[in-house]
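Given next are the chains, with one letter for each unit.
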Amino acid sequence: MNVYDSATMESLMEPLGYDSTNNSEVADLIILNTCHIREKASEKVFSELGRIKKIKSERAKNGQRTLIAVSGCVAQAEGDSILKRAPYVDIIFGPQTTHLLPELVTKVNRLSTSQIETSFPVNSKFDHLPMPRSEGPSAFLSIQEGCDKFCTFCVVPYTRGEEYSRPAMNILDEAKFLSERGVKEITLLGQNVNAYHGEAPLDHKIWGLGRLIKEIAEIDGISRIRYTTSHPRDLSDEIIDTHKSVDKLMPQLHLPVQSGSDRILKAMNRKHTSSEYLHLIDKLRKARSDIAISSDFIVGFPGETEQDFKETLQLVRDVNFSHSFSFKFSIRPGTPASYYKKHVPNETKSERLKELQDLLDKQNSDFNKKFIGKKMTILVKGKGKTHGQMLGSSPYLQPVRVENSSLKLGETHIVNITKVEANSLLGKC
Ligand code: SAH
Ligand code: SF4
C-alpha cells in the first residue's frame, strides 16, 4: 500500500515541476512514507530522519533548500510529536490526506512554518488523486482502504481510518489506464481487500470483489490479476468461485490466520476459528487445486501458552503454506492488546518464532522444489542480479531468474525450472 501511495505522490508532484530520484542528496523534497504496524518499523523513522537532517544541513551550506516530509501511518499516529523530536521536519501528513501534498508544499514555501495535516477528510482522497505513475509490467491498484475489524493487536483502524471501497468505475478506469501503458499484471490492494463492496457503474448496485475481478479480467491487455490482503471472515463463496472461473486470476492467495489457537484468535478479535480457516482452505483447493496459500502469523500474543503455540504449528502442518510472514507480537500504543496482562517474555517469543519459521521455511522450500524439472509461465518484470539474467514471476508469485538477456519486460515465456535457490527459482528458455 505504501509503494502505491508513494507512486501517487510522485504523480501529484509532477505538475509542480518535481521529478523523482533515488538519491536523497540531490532532492529538494524528501518524503518518508512510513509504517506503524510494528515498533521496529516505526522506530526506523527517527533514525532515517537523523540521516536526512545531515543532508538538509549539508545542502544548506551550498545554499540549497531541502523540504522534509513525513507521511503514512507514523505521521498519522504521532502527528506533532514528530516535530518535538525532529523540529527540522517541514510537513507531516497522514494516509488520508495524500492529495493535499502539493498544497502543503506551497504553504511551507509561503509561510515558512511546518505544516501538519492528519485529519480524516469527509470526502474521499481518491476523488482528488491523479492516476499513479506506473513503471514496468506489474502495478498495484488500490481499491479499498481502512479497516473496521479492530483486531486487538493492530493499529490500522486507527491510522488508516474506517473501511472505504472506491467506486468500481474509477477502478476500471485506472485498470484500463494502466493496461494502455503496458501493464500486464494488476494487484488489487486493500487493508481488507476482500471486504470490497464498491458502487457499481450505471445501476448503482454494489459489486463485491469477485464481480470486480471478473470485469477487470475483460480488459484485453491485462493477463494477470491478484489481490491482497484478505481477511478469512470476508472470503465469500463468490470470491472462491472466481478462482475457479477466471483464468487471469492467479492461483495464489495471501490469507493471514495469525494463530492456530481458538483461544488466542478470540483474544485477537479475529472473528474466526481455526477450523473455519481450514474449511476455507478446503473450499479454495476444491475450486483451484494448485492454489498457493500464504499467511501472516503473530507469536507471543499476550497470554499465549505453549499449548496455544503448538496449535499454531499444527495448523501450519494441516494447511501446508507456500510462503509466509511471521512476527513477534509488538505492543502498539493505544490498541486493546497493549493493555493485556500476561505478556510473553521476549526470549520465549524468539524461541517460538524460530521454531515456526523453521517449519514455514521448510514448507516454502518443499513447495518450490516441486517445480524442478517442470515448465512454468513467467511474466518478465526486470533484470536479474547478474549480467544477462532476467527476472520474472511465476503464477504462484515466486521470483524466477532466467539466463537469457533477449527476454523483454512484460513478455510471458514458458521456462523449464532447473534449480531452486533460497529466495528464487532458476529457469531456462
Ligand atoms: N489486514 C491484514 C493484515 C494487515 S497488517 C489481516 O487482517 O490479516 C500485516 C500483518 O502485520 C498482520 O497480518 C500481522 O501478522 C502483523 N501485525 C499487525 N500488528 C502487529 C503487532 N502489533 N505485532 C506483530 N505483528 C503485527
Ligand atoms: Fe489490522 Fe487486518 Fe485486523 Fe484490520 S483485519 S485490524 S488491518 S489485522
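Treat the numbers as computed from the prediction; the structure is a model and nothing was measured. (Residues numbered from 1 in each chain as written. Chains lettered and ligands numbered in written order. Predicted model: local features only at pLDDT ≥ 70, side-chain atom pairs only at ≥ 80, totals over all residues. Heavy atoms only, no water.)

With respect to the packing of aromatic side chains
Here is the rule: Ring geometry is summarised as follows: Phe, Tyr and Trp rings, the Trp one being its six-membered ring, pair when their centres sit within 6.5 Å, and such pairs are stacked at plane angles under 30 degrees, edge-to-face over 60 and tilted between the two. Numbering of helices and strands runs from the N terminus, with a helix taken as a DSSP run of H or I at least four residues long and a strand as a DSSP run of E at least two residues long. The buried label applies to any residue whose accessible area, calculated with a 1.4 Å probe on protein chains only, is under 20% of its type's maximum; exposed applies above 50%, and partly exposed to all values in between. Note on criteria: charge over ring means Lys NZ or Arg CZ within 6 Å of the ring centre, with the direction from the centre no more than 35 degrees off the ring normal.
This structure, assessed with the given rule, holds eight aromatic pairs. Measuring from ring centre to ring centre gives 5.9 Å for F301 and Y340, while their planes differ by 85°; the resulting arrangement is edge-to-face. With F301 in the loop between β13 (292–299) and α12 (306–319) and Y340 in the loop between β14 (323–328) and α13 (346–369), the pair connects residues that are 39 residues apart, well separated along the chain. Taking relative accessible area as the criterion, F301 reaches 0% and is therefore assigned buried. For the pair F367 and F371, a centre-to-centre distance of 5.3 Å together with 70° between the ring planes defines the contact as edge-to-face. Under the relative-accessibility criterion, F367 is labelled buried at 11%. Above the face of the F327 ring, R38 is positioned so that its terminal group lies 3.5 Å from the ring centre. Taking NZ or CZ as reference, R85 lies 3.7 Å from the ring centre of F46, over its face.

Some thoughts on the site of ligand 1
Operational definition: Near residues are defined by distance, with any heavy atom within 4 Å of the molecule or strand qualifying the residue. Two N or O atoms form a polar contact when they lie within 3.5 Å of each other; inside protein one atom must be a possible hydrogen donor and the other a possible acceptor, and for residues adjacent in sequence the pair counts only when both atoms belong to side chains. Only the protein chains shown count as covering a residue, and every accessible area follows the Shrake-Rupley method with a 1.4 Å probe. Here the term charged refers only to Asp, Glu, Lys and Arg, the term nonpolar to Ala, Val, Leu, Ile, Met, Phe, Trp, Tyr, Cys and Pro, and the term polar to all other amino acids, Gly among them. The domain boundaries here were taken from an automatic or database domain assignment.
Among the 16 residues in the neighbourhood of ligand 1, the closest are listed as R38, Q191, Q258, D296 and S330. Side-chain polar atom of R38 to an oxygen atom of ligand 1: 2.9 Å apart, as the coordinates give it. Protein burial of ligand 1: of its 540 Å² of free accessible surface, 90% is covered by the chains. Within the residue set of the shell around ligand 1, elements represented by two or more residues are β13 and β14. Of the residues belonging to the shell around ligand 1, the class tally is six nonpolar, five polar and five charged. Lining the shell around ligand 1 are residues from two domains, each supplying at least three of them: domain 2 (134–250) and domain 3 (251–370).

Remarks on the environment of N192
Put simply, the rule is: Note on definitions: a residue-residue contact is assigned when non-hydrogen atoms from the two residues lie within 4.5 Å.
In this fold, N192 is placed in the loop between β8 (185–189) and β9 (197–199). Overall, the relative accessible area of 2% leaves N192 in the buried class. Apart from the residues within four sequence positions on either side, N192 is in contact with Q144, G146, C147, K149, E163, T229, H231 and D234.

Here's the deal with the sheet that holds β14
Rule in force here: For two strands to pair, DSSP has to find at least two bridges joining them. Here the axes come from fitting lines to C-alpha atoms, over the contacting stretch only for helices, and the angles between their N-to-C directions go from 0 to 180 degrees.
Taken in spatial order, the three strands of this open sheet run β12-β13-β14, and their pairing is parallel. Edge positions in the open sheet fall to β12 (252–254) and β14, since each of these has one partner strand only. Within this sheet the neighbouring strands show an average axis-to-axis angle of 10°, counted without direction. Along the sheet, helix α11 (residues 274–287) contacts β12 and β13; its crossing angle with β13, the most-contacted strand, is approximately 165°.

What about the pairing of strand β1 (residues 29–34)?
Two strands pair when backbone bridges link them, and β1 and strand β2 (residues 67–71) are joined in this way by five bridges, in the parallel orientation. Each residue of the ladder has a partner; that of L32, found in β2, is V70.

A look at the domain arrangement of the chain
One can read the domain layout of the chain as domain 1 (2–117), domain 2 (134–250), domain 3 (251–370) and domain 4 (375–428). Relative placement of domain 1 and domain 4: their C-alpha centres are 36 Å apart.

Section: the nonpolar core
Going by this rule: Residues belong to a common nonpolar core when they are buried Ala, Val, Leu, Ile, Met, Phe, Trp, Tyr or Cys residues joined through side-chain atoms within 4.5 Å.
Core analysis: the largest hydrophobic core is formed by 51 residues, its most contacted members being L188, I216 and Y227. Shared between two domains, this core takes at least three residues from each, and those domains are domain 2 (134–250) and domain 3 (251–370). Membership of the second largest hydrophobic core comes to 17 residues, among which are L32, I82, Y88 and V89.

A look at the sheet that holds strand β11 (residues 224–228)
One open sheet accounts for three strands, arranged β5-β8-β11; its pairing is parallel. Of all the strands in the sheet, the pair left with one neighbour each is β5 (138–142) and β11. Shown here is a sheet whose adjacent strand axes are inclined to one another by a mean of 25°, direction ignored.

Some details on the packing of helix α7 (residues 168–180) against helix α8 (residues 209–217)
The criterion, for reference: Every angle not falling under 35 degrees, over 145, or within 65 to 115 is termed oblique; those three ranges are roughly parallel, roughly antiparallel and roughly perpendicular. Here a crossing is called left-handed whenever its near helix is offset anticlockwise from the far helix by less than a right angle, and right-handed whenever the offset is clockwise.
Running from N to C, α7 and α8 cross one another at 30°; their axes reach a closest spacing of 10 Å. In terms of axis orientation, α7 runs roughly parallel to α8. As for the relative orientation of α7 and α8, their crossing is right-handed in sense. Of α8, the residues touching α7 (which contributes A168, I171, L172 and A175) are L212, E215 and I216. Of the residues belonging to the contact of α7 with α8, the class tally is six nonpolar, no polar and one charged.

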